[in-house]
Amino acid sequence: AEDEVSLFEKDMKEFWIQFKISYGTEQNNQTSALRDLCKETIEALSEKWSKKLKEEDLMIDKIREYNNEILQQSKYIAEKEEQLTEIKAKLSQEEEEQKNLNDSIQELKEELRKKMEIKSSKNKAAKEKVEQVSKIKTLFEEHLGLEMRRIPDEQLQFIFRHIDHKDPDKPYICALSINEQGDYEVTSCTPPLDCIAELQLKLRETNNFSAFVANVRKAFTALSYK
């Protein structure tokens, strides 16, 4: 009975040893397999996240490029807007200058028109005076012994005769012109008459040319008796 017990104990010891060996080996195999699985999983995850990080880095680079392009476009637009503002200001200034130029031209045209009207009026008045003189020329020559001549510098010369009863052919001369103001002006008087300035003033006031010539003749006649 003791041998059987001893044998049983021996068998149990061997079984236990084998069990430990078997269990330890299985545990080691499981641990190794788990470690390999973890390693593979970590490597897969690392590769996956590394790829994802690279993609995100590329995305960040793209975003930076887009931001730079947007910044450059913004600068370009700002420069063009500034140029456009300068062009608008220049155009506005040119329009104002053109308006001022047109106004000045219009003022000059108006001033020229007024001057032309004044000149035309003076020319008309001068022409009327010349016509008046021409109309009475024949009358004076026939009845008063008066001769009229045009002389240089647009002057009209009056030569009176039959003044001096001692010398009927002796000439008494008076010359007239029309000045820039369109008024009569005595340019010479031979022999001199003290009243010639007064007669000139009266001629300007009345515009009565016939009366002036008659008064000059009377003055010469009175002078001939002195």
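Figured I'd write up the structure that's included with this text. (Residues numbered from 1 in each chain as written. Predicted model: local features only at pLDDT ≥ 70, side-chain atom pairs only at ≥ 80, totals over all residues. Heavy atoms only, no water.)

## Looking at the overall build of the protein chain
Consideration 1: A count of helical and extended segments in the protein chain gives three helices and four strands.
Consideration 2: When the helices and strands of the protein chain are read in sequence order from the N terminus, they spell out α-β-β-β-β-α-α.
Consideration 3: For the protein chain, restricting intrachain contacts to residue pairs at least 6 apart in sequence, the fraction spanning at least 24 positions comes to 36%.
Consideration 4: Total accessible area on the protein chain stands at roughly 18,300 Å², and carbon and sulfur atoms take up 55% of it. (Helix = DSSP H or I, 4+ residues; strand = E, 2+ residues; numbered from the N terminus. Contact = heavy atoms within 4.5 Å. Areas by Shrake-Rupley, 256 points an atom, 1.4 Å probe, with all protein chains shown as cover.)

## Looking at the pattern of salt bridges
Where charged atoms from two side chains of opposite charge come close, those side chains can pair.
Consideration 1: Inspection of the entire model under this criterion finds five salt bridges.
Consideration 2: The salt bridge partner of Arg 113 is Glu 110, with a shortest N-O separation of 2.3 Å. Taken together, the residues Arg 113 and Glu 110, both in helix H1 (residues 2-144) and three residues apart, mark about one turn of the helix.
Consideration 3: Assessed through its relative accessible area of 31%, Glu 110 is described here as partly exposed.
Consideration 4: Between Arg 149 and Glu 147 there is a salt bridge, with its nearest N and O atoms 2.7 Å apart.
Consideration 5: Using a relative accessible area of 39% as the deciding quantity, one classes Arg 149 as partly exposed.
Consideration 6: Three or more residues are tied together by salt bridges with common partners; here these are Glu 110, Arg 113 and Glu 117. (Salt bridge = Lys/Arg side-chain N within 4 Å of Asp/Glu carboxyl O. Buried < 20%, exposed > 50% of the residue type's maximum accessible area, 1.4 Å probe, protein only.)

## Topic: the packing of aromatic side chains
Consideration 1: One pass over the full model with this rule turns up five aromatic pairs.
Consideration 2: Centre to centre, the rings of Tyr 184 and Phe 209 are 5.7 Å apart; their planes meet at 35°, and the pair counts as tilted. Taken together, the residues Tyr 184 in strand E4 (residues 184-190) and Phe 209 in helix H3 (residues 209-224) connect sequence positions 25 residues apart.
Consideration 3: Among the aromatic residues, those joined into a cluster by ring pairs are Phe 158, Tyr 184, Phe 209 and Phe 212. (Phe/Tyr/Trp six-rings, centres within 6.5 Å; stacked < 30°, edge-to-face > 60°.)

## A look at the side chain of Asn 179
Consideration 1: Within the secondary structure layout, Asn 179 lies in the loop between strand E3 (172-178) and E4.
Consideration 2: With relative accessibility at 18%, the residue Asn 179 sits in the buried group.
Consideration 3: Within the local environment of Asn 179, its side chain forms a polar contact with the backbone nitrogen of Gln 181, the two atoms lying 3.0 Å apart.
Consideration 4: A distance of 2.9 Å separates the side chain of Asn 179 from the backbone nitrogen of Asp 183, its partner in a polar contact.
Consideration 5: Ignoring sequence-local partners within four residues, the contact set of Asn 179 consists of Glu 185 and Arg 204. (Polar contact = N/O pair within 3.5 Å; in protein donor to acceptor, adjacent residues only side chain to side chain.)

## Quick notes on helix H2 (residues 196-206)
Given 3.6 residues per helical turn, the α-helix brings residues three or four places apart onto the same face.
Consideration 1: Burial in H2 covers these residues: Ile 196, Leu 199, Gln 200 and Leu 203. All buried residues of H2 project into a common sector of 100° when viewed along the axis, lining one side. Of the exposed residues in H2, the ones pointing more than 90 degrees away from its buried face are Ala 197, Glu 198 and Glu 205.
Consideration 2: The inward-facing, buried residues of H2 abut E3, E4 and H3.
Consideration 3: Trailing H2 by a residue or two, Asn 207 shows a phi angle of about 60°, which is positive. (Arc of directions from axis to C-beta.)

## Section: unusual backbone geometry
Most peptide bonds are trans, and most residues other than glycine sit at a negative phi.
Consideration 1: In this model, Thr 190 is joined to Pro 191 through a cis peptide bond whose omega is -5°.
Consideration 2: One non-glycine residue, Asp 153, adopts positive backbone phi at about 65°.
Consideration 3: Note that Asp 153 resides in the loop between strand E1 (146-151) and strand E2 (155-160).
Consideration 4: Residue Asp 153 is classed as exposed on the basis of its relative accessible area of 68%.
Consideration 5: Phi is positive for Asn 207, close to 60°, though the residue is something other than glycine.

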